[in-house]
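# Coordinate analysis (summary)
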Amino acid sequence: MAAHLPTTEKGRATRLRILEAAARLISERGAGAVSLEDIEREAEVGRSQLYHYFYDRDDLVRTVIDVTTDAVLGAQDGLLDDLDSFAAIDRWFDALVALQDERGAIGGCPIGSLVGQLAERDEPTRTALAAGFARWEQPLIDGLARMRDRGELKPEVSVQVLADVTMAAIQGGLLLTQVRRDPQQLRHSLDGARTVLAAAAVV
């Protein structure tokens, strides 16, 4: 929870400016290389304003995780709503690969990059990262559950396990895509996840 949630338009704009500045600097430099002074300069705010909206640096960083998750999900807007068919899952996979094509295979997964920097920092931060992945994964869990309820997936399959395999494929594929500058690395990983999903189907 933030120290103070703004109630005015000006306050909301200031808090958002701080968050956007922090997220941008952390993405560019890494969390360990960004100080509060850097964020204040980037956001053009003073220390009192920063502490008005965030308890401390840790609170700000955890809120950046939430904002980063929002951005990752926003880039998939409309694709996560109804992942309850193989056709919809295929469209989602295709869009993820296309996004990497558009970005020139640069950047990897924004949430994944934060995990490498922050997961061992402390338990609340690790929990915030896990919650970000859970938000991303939940639409797939829900969609697969609907498929199983309709008899399209074997009744004994665990939709949680299928979703975990898929998320692992996405993260591994994005990592290899980033380091090799090749979006086909993500495509190969997603093809593997698709094979696992197909094996759970009722034929």
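Just so we're clear, the structure is a prediction, and the values are computed from it rather than from any experiment.

### Description of the layout of surface pockets
- What the largest pocket holds in volume is close to 350 Å³.
- In this structure, the largest pocket is lined by 16 residues; those nearest its centre are A23, S27, T68, P110 and S113.
- Counting residues per element, the ones that place at least two in the lining of the largest pocket are α1 (9–29), α4 (57–74) and α6 (110–118).
- Ranked by residue count, the leading element in the lining of the largest pocket is α4, at 5 residues.
- The residue inventory of the lining of the largest pocket, partitioned by class, reads 9 nonpolar, 6 polar and 1 charged.
- Shared between two domains, the lining of the largest pocket holds at least three residues of each, these being domain 1 (9–55) and domain 2 (77–199).
- Every residue lining the second largest pocket is counted, 15 residues in all, and those nearest its centre are V72, L99, R103, P110 and W136.
- A total of 3 residues in the lining of the second largest pocket trace back to one element, the largest contributor, which is helix α5 (residues 86–102).
- Taken together, the residues that form the lining of the second largest pocket break down as 11 nonpolar, 3 polar and 1 charged.

### Thoughts on the pattern of salt bridges
- Enumeration over the complete set of coordinates arrives at 16 salt bridges.
- Between R41 and D38 there is a salt bridge, with the nearest N and O atoms lying 2.6 Å from each other. On the criterion of helical spacing, the pair formed by R41 and D38 is a turn pair, its members being 3 residues apart in helix α2 (residues 36–43).
- Between R194 and D90 there is a salt bridge whose closest N-O contact spans 2.6 Å. Of this pair, R194 sits in helix α9 (residues 184–199) while D90 sits in helix α5, placing them 104 residues apart in sequence.
- R194 sits in the partly exposed class, given a relative accessible area of 22%.
- Within the structure, one salt-bridge network assembled from shared partners comprises D84, R146, R150 and E152.

### Some words on the packing of helix α7 (residues 123–149) against helix α8 (residues 159–180)
- Viewed as axis vectors pointing N to C, α7 and α8 meet at an angle of 135 degrees, and their least axial separation amounts to 9 Å. Taken as axis vectors, α7 and α8 run oblique relative to one another. Relative to α8, the crossing made by α7 is right-handed. Across the interface between the two elements, F133, W136, E137, L140, I141, L144, A145 and R148 from α7 touch V159, Q160, L162, A163, D164, T166, M167, I170 and Q171 from α8.
- Considering only residue class, the contact of α7 with α8 consists of 11 nonpolar, 3 polar and 3 charged.

### Quick word on the domain arrangement of the chain
- The domain boundaries assigned to the chain delineate domain 1 (9–55) and domain 2 (77–199).
- Centre-to-centre separation of domain 1 and domain 2, based on C-alpha positions: 30 Å.

### With respect to α7
- The axis of α7 is deflected most strongly, by about 35 degrees, at E137, and proline P139 appears within four residues downstream.
- The positive-phi residue at the C-terminal boundary of α7 is G151, with phi of around 85 degrees.

### Thoughts on unusual backbone geometry
- Look at A105: it is not a glycine, yet its phi comes out positive at around 60 degrees.
- Overall, A105 belongs to the buried group, its relative accessible area being 0%.
- Notably, R181 is not glycine yet its phi reads approximately 50 degrees, a positive angle.
- Secondary-structure assignment places R181 in the loop between α8 and α9.

### Focus: the nonpolar core
- In terms of nonpolar packing, the biggest core is built from 33 residues, with I89, W92, W136, L144, L153 and I170 touching the most fellow members.
- For this core, the elements supplying multiple residues, two or more each, are α4, α5, α7, α8 and α9.
- Of all the elements, α8 adds the most residues to this core, at 7 residues.
- If we ignore the near neighbours within four places in the chain, the residues touching W92 are Q76, L79, L80, L83, W136, L140, T166 and I170.
- Membership of the second largest hydrophobic core comes to 25 residues, among which are L19, A23, V61 and L129.

Parameters at a glance
Residues numbered from 1 in each chain as written. Predicted model: local features only at pLDDT ≥ 70, side-chain atom pairs only at ≥ 80, totals over all residues. Heavy atoms only, no water. 1 Å grid on protein atoms, 1.4 Å probe; cavity = no way out; pocket = protein on both sides within 12 Å on 5 of 7 lines; lining within 4 Å. Points joined across faces, edges and corners; volume = space filled by probe spheres on them. Helix = DSSP H or I, 4+ residues; strand = E, 2+ residues; numbered from the N terminus. Nonpolar A, V, L, I, M, F, W, Y, C, P; charged D, E, K, R; others polar. Domains from an automatic or database assignment. Salt bridge = Lys/Arg side-chain N within 4 Å of Asp/Glu carboxyl O. Buried < 20%, exposed > 50% of the residue type's maximum accessible area, 1.4 Å probe, protein only. Axes fitted to C-alpha atoms, helices over the stretch in contact; angles between N-to-C directions. Parallel < 35°, antiparallel > 145°, perpendicular 65-115°, else oblique. Left-handed = near helix turned anticlockwise from the far one by under 90°. Contact = heavy atoms within 4.5 Å. Bend = angle between axes of the 7 residues up to and from the residue. Core = buried A, V, L, I, M, F, W, Y, C linked by side-chain atoms within 4.5 Å.

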